[in-house]
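# Chain and residue survey
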Amino acid sequence: MDRKQCVSLSVQPSRGLIDQKFIVLVQNLLPGFKLTVHAFHQCEQGNKWEAYGHYTADATGTVNVSEDPCLGGTYSGVEPMGLLWSLIPVPGSKPGQMIRRLNVQTPMEVTISVYQGHQTEGFGDQVLLASVLVERWYMAPGIRRIPITEGGLTATLFLPPGPGPFPGILDVWGFTAGLRLEFRSAMLASHGFASMTVEYLPPLLIKESGKIVDIDFDHFETAYRVLQQHPQVQGSSIAMLGFCIGNSVVLRLAAYSQIVKLRCVVCINGTHVQQVDESLDTYLRLLEIDFKKTTFNEDKKMIMRTMLLPIPTDPSLKVDVGRLQCPLLLVVGEDDQVCPAQESAMDMKEMMERAGNSHLLKVLKYPNTGHMITIPYLPHTPFTLFLSFAARAKELALMGGEMVAHCHAQEDAWRKILLFLRKNLYGDTHPGPTLLSGL
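All residue numbers refer to positions counted from 1 along the written sequence of the respective chain. A pLDDT threshold of at least 70 governs which residues receive local features in this predicted model, and a stricter bar of 80 or more applies before side-chain atom pairs are shown or counted, although totals over entire chains, interfaces and linings include all residues. To get the side-chain values, take all heavy atoms of the structure and skip hydrogens and water.

### Notes on the overall build of the chain
Helical segments are the DSSP runs of H or I of at least four residues, strand segments are the runs of E of at least two, and each set is numbered from the N terminus. Looking only at helices and strands, one finds 8 helices and 21 strands in the chain. The proportion of buried residues among the 439 residues of the chain is 58%. Contacts are assigned to residue pairs with any non-hydrogen atoms lying within 4.5 Å of each other. Sequence-distant contacts in the chain: of pairs separated by 6 or more residues, those separated by 24 or more amount to 72%. Working definition of accessibility: Shrake-Rupley area with a 1.4 Å probe, residue cover restricted to the visible protein chains. Accessible surface for the chain amounts to roughly 17900 Å². Of this, 52% is attributable to carbon and sulfur atoms. Classification of residues uses two cut-offs on accessible area relative to the type maximum, computed with a 1.4 Å probe and protein chains only: under 20% is buried, over 50% is exposed, and between them is partly exposed.

### Considering the nonpolar core
The set of buried Ala, Val, Leu, Ile, Met, Phe, Trp, Tyr and Cys residues whose side-chain atoms join them within 4.5 Å is what this entry labels a nonpolar core. By size, the foremost hydrophobic cluster in this structure holds 135 residues, and its most contacted members are I112 and L421. At 10 residues, helix α8 (residues 403–426) tops the list of elements feeding residues into this core. If sequence neighbours within four positions are ignored, I112 has contacts with L9, V11, F22, V24, V37, H38, A39, L83, A130, S131, V132 and V134.

### Topic: the confidence of the model for the chain
Each residue carries a pLDDT score, the predictor's own confidence in it, on a scale running from 0 to 100. Averaged over all residues, the pLDDT of the chain equals 87, while 85% of them reach at least 70. Under a pLDDT of 50 for its full length, residues 203–210 has, in the predicted model, 12 contacts with residues more than four places off or in other chains.

### Thoughts on the sheet that holds strand β8 (residues 108–116)
Strand order in the open sheet formed by 6 strands is β2-β9-β8-β4-β5-β7, and the pairing between neighbours is mixed. Of all the strands in the sheet, the pair left with one neighbour each is β2 (15–17) and β7 (88–89). Strand pairing is defined by DSSP finding a minimum of two bridges between the two strands. Pairing between β8 and strand β9 (residues 128–137): 8 bridges, direction antiparallel. If you follow Y115 over to β9, its bridge partner there is L128.

### So, the packing of helix α2 (residues 183–190) against α8
An axis is simply a line fitted to the C-alpha atoms; with a helix, the fit covers only the stretch in contact. Between two such axes, the angle follows the N-to-C directions and lies from 0 to 180 degrees. Put simply, α2 and α8 touch, their axes get as near as 12 Å, and they point 60° apart. It follows that α2 is oblique to α8 by the angle criterion. In this structure, α2 crosses over α8, and the sense of that crossing is right-handed. Residues R184, M187 and L188 of α2 pack against W414, L418 and L421 of α8. Partitioned by chemical class, the residues of the contact of α2 with α8 number 5 nonpolar, no polar and 1 charged. Note on angle classes: values under 35 degrees are labelled roughly parallel, values over 145 roughly antiparallel, values of 65 to 115 roughly perpendicular, and the remainder oblique. It is the rotation of the near helix from the far one that decides the hand of a crossing: anticlockwise by less than a right angle makes it left-handed, clockwise makes it right-handed. In this classification, Asp, Glu, Lys and Arg are treated as charged, Ala, Val, Leu, Ile, Met, Phe, Trp, Tyr, Cys and Pro as nonpolar, and every other residue, Gly included, as polar.

### So, the sheet that holds strand β3 (residues 23–27)
The strand order across the open sheet formed by 3 strands is β1-β3-β6, and the pairing between neighbours is antiparallel. At either margin of the open sheet sits one strand with a lone partner, and together these are β1 (8–12) and β6 (63–64). Relative to β3, β1 is paired through 5 bridges, and the arrangement is antiparallel. Bridged to S8 within β3 is Q27.

### Observations concerning the pattern of salt bridges
What makes a salt bridge here is a side-chain nitrogen of Lys or Arg within 4 Å of a carboxyl oxygen of Asp or Glu, nothing more. What the rule picks out here adds up to 11 salt bridges. As a salt-bridge pair, E44 and R101 come within 3.9 Å of each other at their nearest N and O atoms. Residue E44 is found in the loop between β4 (34–42) and β5 (48–56), and its partner R101 is found in the loop between β7 and β8; the two are separated by 57 residues along the sequence. On the accessibility criterion, E44 (34% relative accessible area) is partly exposed. Notably, a salt bridge pairs K416 with D412, separated by 3.0 Å at the nearest N-O pair. Here D412 and K416 lie together in helix α8, a separation of 4 residues that amounts to about one turn. Salt bridges linked by common partners bring D412, R415 and K416 together as one network.

### With respect to the pairing of β4
As paired strands, β4 and β5 are joined by 9 bridges and run antiparallel to one another. Note that in β5 the partner of H38 across the bridge is Y52. A loop of 5 residues connects β4 with β5, the two strands running antiparallel in sequence, and G46 in this loop sits at a positive phi of about 95°. Of the pairings in the sheet, the one linking β4 to β8 comprises 6 bridges and is antiparallel in character. Across the sheet, the residue bridging to H38 is S113, located in β8.

### Notes on helix α7 (residues 341–355)
Note on helix geometry: an α-helix contains 3.6 residues per turn, so any two residues three or four positions apart are oriented the same way. End to end, α7 covers 21 Å across 15 residues, agreeing with the expected 21 Å (1.5 Å per residue, within 8%). Buried within α7 we find A341, S344, A345, D347, M348, M351 and M352. Here the buried residues of α7 occupy an arc of 165° about the axis, which is enough to place them on one side. Looking at the packing, one finds that the buried side of α7 touches α5 (246–256), β18 (328–333) and β19 (361–366). Looking one or two places after α7, you find G356, whose phi comes out positive at around 85°. Given a helix with a known number of residues, its expected span is that number minus one, times 1.5 Å. It is the directions from the helix axis to the C-beta atoms that the arc portrays.

Put into structure tokens, the structure is as follows:
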């Protein structure tokens with residue numbers, strides 16, 4: 001029976017922030033009707049992604065994706081947001097792709113459609129019953145995006161609506177070939193923080209010369225000053241959030257800088273292993289030398305976590321986290337194949353216990369979770385292309401993690417990171433910011 005004329009599909013809210021859940025409801029079906037709910041996304045780089053789930057209508061002719069079990073597809077079970085976090089490259093795509101939003105002023109667009117029967121491929125040739133375009137934004141209404149070039153910086157500051165002043169966050173990404181990723185800072189601003197993300201490995205110079213530029217850690221002290229002195233930032237209430245190699249910046253500044261005074265620190269899948277008397281340039285060059293310690297799995301994907309193992313016992317090769325005087329939150333994917341995050345967290349815990357400041361440490365550990373822990377409902381990245389300067393080529397690097405566990409970990413970690421930041425930047429007695437709405 002052709003249900004095309006009467007099937008009703010709704011997604012609420014159809015416009016919302018990327019970390020907000022939505023409800024997908026299919027109605028006006030025959031009881032027991034088998035259908036496939038399909039999601040399609042084409043990212044900025046032109047790569048195409050899809051996810052799909054198989055469902056059977058209940059006695060009222062309804063499927064509620066938030067409550068009904070998915071019987072198969074790219075996910076299974078009751079997974080309200082499976083249509084987002086299980087997005088995978090369409091068949092025939094180049095390997096190693098990841099969804100990484102560069103223009104946060106436009107939404108991630110996802111088309112959610114309903115097809116007759118339990119389909120697994122060739123959706124363009126199947127019977128389309130209904131379709132809805134969904135927008136997921138990184139910037140809530142009223143968020144201000146401000147390019148920063150002061151002090152030799154290339155950075156972007158995101159401010160919540162209103163006069164402020166707002167607690168500040170300096171957002172430091174990892175080794176992303178110089179890209180200034182803005183989506184996490186945009187989301188932090190959408191939750192009430194003034195967040196600034198900084199570029200520190202200019203992509204054109206790396207691409208053209210194959211060499212890493214000289215960037216000393218005072219580059220980030222300059223970024224801290226710019227953020228601290230902004231009239232709409234509460235200069236006495238600033239945190240730093242690091243990811244991957246960005247944690248090398250964050251931990252070093254928190255432990256040794258006479259300029260950077262932080263209320264708290266968040267480190268996601270990183271390490272304290274580095275030569276603390278050298279520049280960032282030297283540190284990254286040492287990693288290039290250590291690439292000979294990388295291994296490969298049976299699929300010839302590079303495992304980089306072995307570069308920094310075993311964790312050294314020489315104190316000069318590690319940030320002395322015993323010097324920290326502010327709360328530290330470590331987010332650890334136990335199956336991180338890029339960075340020895342779990343071993344580093346254990347060593348940092350022991351160092352802080354010996355120094356008597358372990359009361360400042362909180363560790364979130366997630367089994368079967370890989371390296372790329374980002375925003376809720378973004379899909380898991382099992383492996384990606386990584387530019388090796390030593391080899392002058394791109395390798396497929398293993399990220400680690402299992403899809404379901406990793407995506408659930410992202411949701412839990414994001415919620416707890418926001419709670420940690422609110423507590424330490426707004427204070428225990430302040431209710432803190434709430435999720436901005438109005439999209």
